[in-house]
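# Descriptive analysis of the structure
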Amino acid sequence: MTAKELRKKYLEFFEKKGHAIIPSASLIPEHDPTVLFTTAGMHPLVPHLLGEPHPAGRRLANVQKSMRTDDIDDVGDPWHNTFFEMLGNWSLGDYWKKEAIEWSFEFLTQELKLDPKRIYVTVFGSDPEIPGVGEDEETIQIWKDLGIAENRIFRLGKKDNWWGPVGQAGPCGPDTEMFYDTGRVEHGEKCHPGETCGKYAEIWNDVFMEFNKTADGTYVPLKQKNVDTGMGIERTTAVLQGKDNVYDTELFQEAMKRIKNKATEEFNLKDARIIADHLRAATFLIADGVEPISANDRGSVLVRLITRSITSARKIGIEGSFASWITDSYINFYKDEYPELLKKKDLINNKISQEEKKYLSRVHSPVTKKLEQEEISKAQADPRGTIESKASNVSGSPVRWEDLKQQHEITMSSPTPSAAIGTVSADLKFTRGIPQEETFGTADAILKGDFNKEEAEATFNAMTALHRQASKQKEEKRFAGGLADHTEVTIRGHTATHLLHQALRDELGNQVYQTGSNITPERIRFDFSYGEKLTKEQIKRVEEVVNQKTKEDLPVKKEIMSVEEGKKAGAIGLFEEKYGERVSVYSIDNYSKEFCGGPHVEHTAQVGKFKIIKEEALGAGQRRIRAILNN
Ligand code: SER
């Protein structure tokens, strides 16, 4: 069975079970400042899992473009991807465990014709971190009734069988995962579902979202019991085709072939997979509007994906420009399912090629070489000082050589020049994308026989771990709130962006449209299309209009309609190509009408006083406004 057939069968199956098929949301979460990318099909549905009615009803299914960067360092192995497609079906306070599990089982065994004897499941046992929620007996019984024997049911804790929330707060619950016995044992001693020995391929996850984790860490029952299921297309396709890795499926076939053809040195599967995964992700990210800009969180992930691909390419002897040759194969492969790729083909290929050129000239530039040489000299002159200052910079607090040595199991006794060069290399890699081999090569040339690669690698790895810890902390901070944040101030922020959007169009013309928005309790960020800097007077007038409209205390009203009806009624918003779908449209009296999932305040006086604090450029043809609200 091909991935195309799998998608079709899945959607048809759930359509027959009364589900509305909804389109994939963008990889850039709308209105959600807390997460970089859409990580699962449930993510855009968070407001509806919390109780906001969904315009398409209570039973939904779709194929969602998803992106997970936590696994980026595992890419290269047989199963991990950054970008992937996820099949999902949802019950928003409608059916519950029995139907969800029975349908999953029916789909796997009847539609996909998987052997029921080779299906293993894991269920939530219990976990001290989730007090008050015991073993999921109901789920265990449902599996037994379906003929899954006791020895194929595994009871595990939170790490394996609890899903959510996305971020620190929001909907979550126990889950049950389905595995297929591939008959192969690839590695590892422990071998049961939930352990990565390679024998049991995870194919589907049914989550029973009945709790809301609140900001203070407690789990409270949700207003409604929801089901959230997710099945990765790449893995399931590989399992159905009897493949032992996702790259041997047709999804990656053409890209892998092109990489192999271009490689001139010994072909290294891991590097080829990194290139194939990362450039696929880059293709989809650019199509959804991510710009390769290092100073921006999303953009820096894109830059990293591209630079990692190039570094891997060089390891297998691919020189010069090659990336658009690979992205092109994906555009061609996915064009029917994702027409946006074909529409943005030139943009995708141009951005990729530009970034590639920029990267290559940066790595080989005299400025980089000079910087590298200077840093290496400093490291030679003062190994301890170099290591300690670099580690302290990343950690944000003083780190001594002794701490680093102990925490990262470094065996050499004192800080050597090579060890210091290891930290220099890690720094250059994270800040400028300079591959380790480049810096180590320069060091080798300078230190001649005195460069000790093992010592340099030990500190390079320690610094890499510090960099990861630091970015994880940053992510966690970012995770506070989000779509699950229905606090009063963020709701006021939502309504303020609608007023701002319309006020900008009044002032600058109807060619202005929103390209992004990001609301936290502290501030509103609003991105829009416009080619010039706004004058002081324009900013002032926009601000005045928004404040005038809040003063008038206009009513805010929600209506459900089809996209066509909405467009006819003059609604503006981010929606494109979602014809036929039923959506909600928010109107602020006769002043503004927008496609939006909400929530919003009921009347505009609740918004409070609106103030623009900054207006700036955001790449070509785009501007960004930052604003705050006062009571
Ligand atoms: N949210 C769950 C997951 O991502 C099921 O869709 O696995």
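Below or above, wherever it landed, is the structure these notes cover.

What counts, and where the lines are drawn
- Residues numbered from 1 in each chain as written.
- Predicted model: local features only at pLDDT ≥ 70, side-chain atom pairs only at ≥ 80, totals over all residues.
- Heavy atoms only, no water.
- Core = buried A, V, L, I, M, F, W, Y, C linked by side-chain atoms within 4.5 Å.
- Buried < 20%, exposed > 50% of the residue type's maximum accessible area, 1.4 Å probe, protein only.
- Helix = DSSP H or I, 4+ residues; strand = E, 2+ residues; numbered from the N terminus.
- Contact = heavy atoms within 4.5 Å.
- Arc of directions from axis to C-beta.
- Near = heavy atom within 4 Å.
- Polar contact = N/O pair within 3.5 Å; in protein donor to acceptor, adjacent residues only side chain to side chain.
- Areas by Shrake-Rupley, 256 points an atom, 1.4 Å probe, with all protein chains shown as cover.
- Salt bridge = Lys/Arg side-chain N within 4 Å of Asp/Glu carboxyl O.
- Pairing = 2+ DSSP bridges.
- Axes fitted to C-alpha atoms, helices over the stretch in contact; angles between N-to-C directions.
- Left-handed = near helix turned anticlockwise from the far one by under 90°.
- Nonpolar A, V, L, I, M, F, W, Y, C, P; charged D, E, K, R; others polar.

## Details of the nonpolar core
By size, the foremost hydrophobic cluster in this structure holds 114 residues, and its most contacted members are Met-67 and Trp-143. Top contributing element to this core by residue count: helix α8 (residues 269-287), with 11 residues. In this structure Met-67 touches Leu-27, Phe-37, Thr-38, Thr-39, Thr-82, Phe-83, Ala-281, Leu-285, Val-301 and Leu-305, once residues within four positions along its chain are discounted. Membership of the second largest hydrophobic core comes to 30 residues, among which are Leu-504, Ile-588, Val-607 and Leu-629.

## Here's the deal with helix α4 (residues 137-145)
Among all positions in α4, only Thr-139, Ile-140, Ile-142 and Trp-143 are buried. The buried residues of α4 occupy an angular sector of 160 degrees when the element is viewed end-on, so they sit on one face. In α4, the exposed positions that point more than 90 degrees away from the buried face belong to Glu-137 and Asp-145. Packed against the buried residues of α4 are α3 (97-111), β4 (119-124), β5 (153-156), β7 (170-181) and β8 (200-213). Residue Gly-147 follows α4 closely and has a positive phi angle near 95 degrees.

## A word on the site of the ligand
All residues adjacent to the ligand are Ala-40, Met-42, Arg-68, Met-86, Trp-163, Asn-205, Val-207, Asp-228, Thr-229 and Gly-230. At 3.1 Å from an oxygen atom of the ligand is found a side-chain nitrogen or oxygen belonging to Asn-205. Between Thr-229 and the ligand, the recorded distance is 3.2 Å, taken from a backbone N or O atom to an oxygen atom. Protein chains bury 95% of the 230 Å² of accessible surface belonging to the ligand in isolation.

## Looking at the environment of Lys-429
Residue placement: Lys-429 occurs in helix α16 (residues 417-432). Look at Lys-429 and you get partly exposed, because its relative accessible area is 34%. Counting along the chain gives 10 residues from Lys-429 to Thr-439, while the straight-line C-alpha distance between them is 8.9 Å. For Lys-429, the residues in contact, after removing those within four places along its chain, are Ile-434 and Phe-460.

## Section: the pattern of salt bridges
Tallying each qualifying case throughout the model produces 51 salt bridges. For Glu-254, the salt bridge identified is with Lys-257, shortest N-O distance 3.5 Å. Of the two residues, Glu-254 and Lys-257 are both situated in helix α7 (residues 250-262); the distance of 3 residues between them amounts to about one turn of the helix. Classification of Glu-254 by relative accessible area gives partly exposed; the value is 32%. The shortest N-O distance in the salt bridge between Lys-390 and Asp-427 comes to 3.2 Å. Residue Lys-390 is located in helix α14 (residues 383-395), and its partner Asp-427 is located in helix α16; the two are separated by 37 residues in the primary sequence. Accessibility classification places Lys-390 together with Asp-427 in one group, the buried group.

## Some words on the pairing of strand β15 (residues 609-617)
One ladder, built from 8 bridges, connects β15 with strand β16 (residues 622-630); its direction is antiparallel. Bridge pairing links Lys-611 to Ile-628 in β16. Counting the residues in the hairpin turn of β15 and β16 gives 4 residues, including Gly-619, whose phi is positive at 75 degrees.

## Section: the packing of α3 against α4
Between α3 and α4, whose axes approach to 10 Å, the crossing angle comes to 40 degrees. Here α3 and α4 pass one another in a crossing that is right-handed. Of α4, the residues touching α3 (which contributes Lys-97, Lys-98, Ile-101 and Phe-105) are Glu-138, Thr-139, Ile-142 and Trp-143. Taken together, the residues that form the contact of α3 with α4 break down as 4 nonpolar, 1 polar and 3 charged.

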